[in-house]
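Observations on chain architecture
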Amino acid sequence: QVQLVESGGGLVQAGGSLGLSCAASGSIFSINVMGWYRQVPGKQRELVASITSGGTTNYADFVKGRFTVSRSSARNTVYLQMNSLKPEDTAVYYCNAKLEDVAGLGYDFWGQGTQVTVSS
């Protein structure tokens, strides 16, 4: 169906930058939205940023002005450029794809997650 593979996580100092990538394969033409979520132990998974097939972006308040989400022209790759990183940005970041089948039912697909650690 849809397979998502993230890359680009790592360890950075506070104030630094990091770029994440997510490549989608499978039923990529049925994907309506791709985005990034993050999760830390004991906390709910939360939306970081998303982008629709039409290019409309959405950002969580805590990353506005610092992170940028974008997509390739083929819409099979989504990127997250993370600038001015803070220690509280430390989390596992997951790529997400939302699609709709021919019956109009929605589905979510997830990548394996990539660790982002920001040290102070």
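Use the structure listed above.
Residues numbered from 1 in each chain as written. Predicted model: local features only at pLDDT ≥ 70, side-chain atom pairs only at ≥ 80, totals over all residues. Heavy atoms only, no water.

Moving on, we get to the overall build of the chain. Each helix and strand in the chain was counted, giving zero helices and eleven strands. For the chain, the sequential pattern of α-helices and β-strands runs β-β-β-β-β-β-β-β-β-β-β. What you see for the chain is a C-alpha radius of gyration of 14 Å, in line with the 14 Å of a compact globule of 120 residues. Oriented by its inertia axes, the alpha-carbon framework of the chain measures out at about 50 × 30 × 25 Å. Expressed as a percentage of its 120 residues, the buried residues of the chain come to 37%. Across the chain, the fraction of contacts at a sequence separation of at least 24, relative to all contacts at a separation of at least 6, is 52%. Approximately 6300 Å² of the chain is accessible, and the part contributed by carbon and sulfur atoms is 50%. (Helix = DSSP H or I, 4+ residues; strand = E, 2+ residues; numbered from the N terminus. Rg over C-alpha atoms; globule rule 2.2 N^0.38 Å. Buried < 20%, exposed > 50% of the residue type's maximum accessible area, 1.4 Å probe, protein only. Contact = heavy atoms within 4.5 Å. Areas by Shrake-Rupley, 256 points an atom, 1.4 Å probe, with all protein chains shown as cover.)

Here the focus is the state of the cysteines. Chemically, a disulfide is nothing more than a covalent bond linking the sulfur atoms of two cysteines. Inspection of the entire model under this criterion finds one disulfide. The residue that forms a disulfide with Cys 22 is Cys 95, at a sulfur-sulfur distance of 2.0 Å. Across the S-S bond linking Cys 22 and Cys 95, the dihedral sits near -85 degrees, which makes this disulfide left-handed. Separated by 73 residues along the polypeptide, Cys 22 in strand E3 (residues 18-26) and Cys 95 in strand E9 (residues 91-100) bring together distant segments of the chain. With respect to class, Cys 22 is no different from Cys 95; both count as buried. (Disulfide = S-S within 2.5 Å.)

Next up on the list: the packing of aromatic side chains. When we look at a pair of aromatic rings, we describe it by the centre distance and by the angle of the planes. Per the counting criterion, the structure on display carries one aromatic pair. Centre to centre, the rings of Tyr 37 and Trp 110 are 5.1 Å apart; their planes meet at 70 degrees, and the pair counts as edge-to-face. Taken together, the positions of Tyr 37 in strand E4 (residues 31-39) and Trp 110 in strand E10 (residues 106-110) put the pair 73 residues apart, joining distant regions of the chain. Residue Tyr 37 is classed as buried on the basis of its relative accessible area, which comes to 15%. Judged by its relative accessible area of 30%, Trp 110 is partly exposed. Just above the ring of Trp 110 sits the side chain of Arg 45; from NZ or CZ to the centre is 3.5 Å. (Phe/Tyr/Trp six-rings, centres within 6.5 Å; stacked < 30°, edge-to-face > 60°. Lys NZ or Arg CZ within 6 Å of the ring centre and 35° of its normal.)

What follows deals with the pairing of E9. Burial of E9 is extensive: seven of the ten residues sit out of reach of the surface. Where E4 meets E9, eight bridges bridge the pair, whose relative direction is antiparallel. Within E9, the position partnered with Met 34 by the bridge is Ala 97. Across three bridges, the pairing between E9 and strand E11 (residues 114-119) is antiparallel. Of the residues in E11, the one forming a bridge with Val 92 is Gln 115. (Pairing = 2+ DSSP bridges.)

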